[in-house]
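# Descriptive structure summary
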Amino acid sequence: LFEIFTTRMEGGKENGYIASRQLKDKRLMYLLILYVIASDASKEMKVSSINQFCKDIKLDDKNAAMLLREAGFAVKKSGTGDWGCALNAPLKFPPPKRGKRS
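Quick caveat, the model's predicted, so the values are computed rather than measured.

### A word on the packing of aromatic side chains
To describe a pair of aromatic rings, one takes the distance between the centres and the angle between the planes. This model, assessed by the stated rule, comprises two aromatic pairs. Here the aromatic rings of Phe5 and Tyr30 are separated by 5.2 Å at their centres, their planes lie at 90°, and the arrangement is edge-to-face. Of this pair, Phe5 sits in helix H1 (residues 2-5) while Tyr30 sits in helix H2 (residues 21-39), placing them 25 residues apart in sequence. Since its relative accessible area comes to 13%, Phe5 is described here as buried. Between Tyr35 and Phe53, the ring centres sit 4.4 Å apart and the planes meet at 10°, which makes this aromatic pair stacked. Of the two residues, Tyr35 sits in helix H2 while Phe53 sits in helix H3 (residues 51-56), which places them 18 residues apart along the sequence. The class for Phe53 is buried, based on a relative accessible area of 16%.

Take a look at the structure:
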């Protein structure tokens, strides 16, 4: 698991592992997808609320929604403030983000 979600840091006084922002987002995306798979008994890849799970892993709901959208999920906020998600076919991915021009 260390090789998937971290980069090995060698040299200097200490050796270890470090996680970049992209690798942290990758780990969070994997956790969110696993939550959807585990919590949906009907295997439709649909969850009515991800709020409690996001609170448990200390992740902002909006960031979780963004990560799920990047994975191809349709994410909607209900009137009660709950964020629900579903994986529909065909998959629709958001357009790639571009850096700011300087």
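Once you've had a look at it, read on.
### Thoughts on unusual backbone geometry
Only a minority of non-glycine residues have a phi that is not negative, and only a minority of peptide bonds are not trans. Cis rather than trans, the peptide bond between Ala89 and Pro90 has omega equal to -5°. For Met45, which is not glycine, the phi dihedral falls at a positive 55°. Counting through the fold element by element, Met45 comes out in the loop between H2 and strand E3 (46-47).

### Quick notes on the pairing of strand E5 (residues 83-86)
Every second residue of E5 is oriented toward a common face, with Trp83 and Cys85 on one face and Gly84 and Ala86 on the other, all of them buried. Two elements, E3 and E5, share two bridges in a ladder whose sense is antiparallel. By the bridge assignment, Lys46 is partnered in E5 with Ala86. Strand direction decides the pairing type here: strand E4 (residues 74-77) and E5, joined by four bridges, are antiparallel. In the strand pairing of E5, Lys77 is matched with Trp83. The loop that links E4 with its antiparallel partner E5 comprises five residues; one of these, Gly81, has a positive phi angle of about 95°.

### Some details on the pattern of salt bridges
In the structure shown here, the tally under the stated rule is one salt bridge. Residues Asp25 and Arg21 are paired through a salt bridge, measuring 3.8 Å at the closest nitrogen-oxygen approach. With Asp25 and Arg21 both in helix H2, this residue pair falls four residues apart, about one helical turn.

Scoring rules and cut-offs
- Residues numbered from 1 in each chain as written.
- Predicted model: local features only at pLDDT ≥ 70, side-chain atom pairs only at ≥ 80, totals over all residues.
- Heavy atoms only, no water.
- Phe/Tyr/Trp six-rings, centres within 6.5 Å; stacked < 30°, edge-to-face > 60°.
- Helix = DSSP H or I, 4+ residues; strand = E, 2+ residues; numbered from the N terminus.
- Buried < 20%, exposed > 50% of the residue type's maximum accessible area, 1.4 Å probe, protein only.
- Pairing = 2+ DSSP bridges.
- Salt bridge = Lys/Arg side-chain N within 4 Å of Asp/Glu carboxyl O.

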